[in-house]
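# Commentary on secondary and tertiary structure
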Amino acid sequence: MYRELDALLKKPPLYEKTPEKFWDDPHISAGMLEAHLDPTTDAASRRPQTIARSAAWIASLLPRGARLLDLGCGPGLYAKRFSELGLRVTGMDLSARSVAWAREHDPDSEYVLGNYLEMDIEGAFDAATLIWCDYGALVPQDRATLLRNVRRALKPGGLFLLDTFTPRRYDGFKERTWWERSAAGGFWSPNPHMVLGAEYLYEGHVGLSRYVVLEDGNARAFNIWDTAFTPGTLAAELRAQGFEPMDFYSDMEGNPYR
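Notes on the structure follow. Owing to the predicted nature of the structure, the values given are computational and were not obtained by experimental measurement. (Residues numbered from 1 in each chain as written. Predicted model: local features only at pLDDT ≥ 70, side-chain atom pairs only at ≥ 80, totals over all residues. Heavy atoms only, no water.)

## Thoughts on unusual backbone geometry
The residue after E244, namely P245, is reached through a cis peptide bond having omega -5 degrees. Inspection of the secondary structure puts P245 in the segment after α7 (231–240). Of note, the phi angle at Y15 is positive, near 65 degrees, even though the residue is not glycine. Structurally, Y15 is set in the loop between α1 (2–9) and α2 (28–37). (Helix = DSSP H or I, 4+ residues; strand = E, 2+ residues; numbered from the N terminus.)

Here is the structure:
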């Protein structure tokens, strides 16, 4: 038993994917939606005041009536703000639960249930957004696919706005393992379960949160990657897919980069 559990928590190769669903898991998505809608935490979406400031700044970059594609839109917290500010908005997300909530609470925007790594849209949008550091959760080949898809979806001269963490995210980081018990079910499963967790750091400012969910006769592993970028490393990836020119800010509110 020890060897089996130890193997589940061994540090995996850089950017190894796990087959389990996360964002669109029927049970996990309920907890994710609850976190999105909690105004007291930044766990899934930023707090309402930050969302309002970000949406106002982004809308100020575009003419009224411009078409905006909000990727990874979740329950539409940004999309609804964009729409209220005069933009024509399409949100896209993997979570059927979040998309359903968004459609119910924002009839003025269009919401699409889909994977932005598989979208095939040609020259339809004036701008696209990918907000709350989703970009860094992707492995390199998926980041390249995303950028190609976004560039194809934009009109000539269109804007792509995304945010990432900087390497400061890992200041003082220490690798660790932990465990927790949920006898009555919890975030990861409605059934009694235990979670074995590990946090690892790799070269190139890449972090991994690994969660192993143990139920009776079943073990599921989730690798959640988180790559941090400098302006130089991010610019190199953007430039390789044809994005030019580019500007850098401290946040999605347009504050000067520092």
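## A look at the side chain of D70
Of note, D70 is situated in strand β1 (residues 67–71). The side chain of D70 sits in the buried core without any salt bridge; R46 is the nearest counter-charge, 10 Å away. When neighbours within four sequence positions are excluded, D70 is seen to be in contact with Y78, A79, F82, T90, G91, M92 and T129. (Buried < 20%, exposed > 50% of the residue type's maximum accessible area, 1.4 Å probe, protein only. Lys, Arg positive; Asp, Glu negative; His and termini not counted. Salt bridge = Lys/Arg side-chain N within 4 Å of Asp/Glu carboxyl O. Contact = heavy atoms within 4.5 Å.)

## Details of the pattern of salt bridges
When the charged atoms of two side chains lie near each other, side chains of opposite charge can form a pair. One pass over the full model with this rule turns up 16 salt bridges. Here D6 and K10 are joined by a salt bridge, their closest N and O atoms 3.2 Å apart. Under the relative-accessibility criterion, D6 is labelled partly exposed at 30%. Between D42 and R47 there is a salt bridge, with its nearest N and O atoms 2.7 Å apart. Judged by its relative accessible area of 32%, R47 is partly exposed. Each of D25, E215 and R220 takes part in one network of salt bridges that share partners.

## A short note on the nonpolar core
Generally speaking, soluble globular proteins have nonpolar side chains that are buried together. Among the nonpolar cores identified, the biggest contains 24 residues, and L71, V150 and F160 are the most heavily contacted of them. Only β1, β4 (125–130), α6 (140–153), β5 (154–162) and α7 provide two or more residues apiece to this core. No other element matches the 4 residues that α6 contributes to this core. Setting aside its immediate chain neighbours within four residues, F160 contacts A128, T129, L130, L147, V150, L154 and F243. Core analysis: the next-biggest nonpolar cluster, separate from the first, contains 21 residues, A55, L68, L87 and L161 among them. (Core = buried A, V, L, I, M, F, W, Y, C linked by side-chain atoms within 4.5 Å.)

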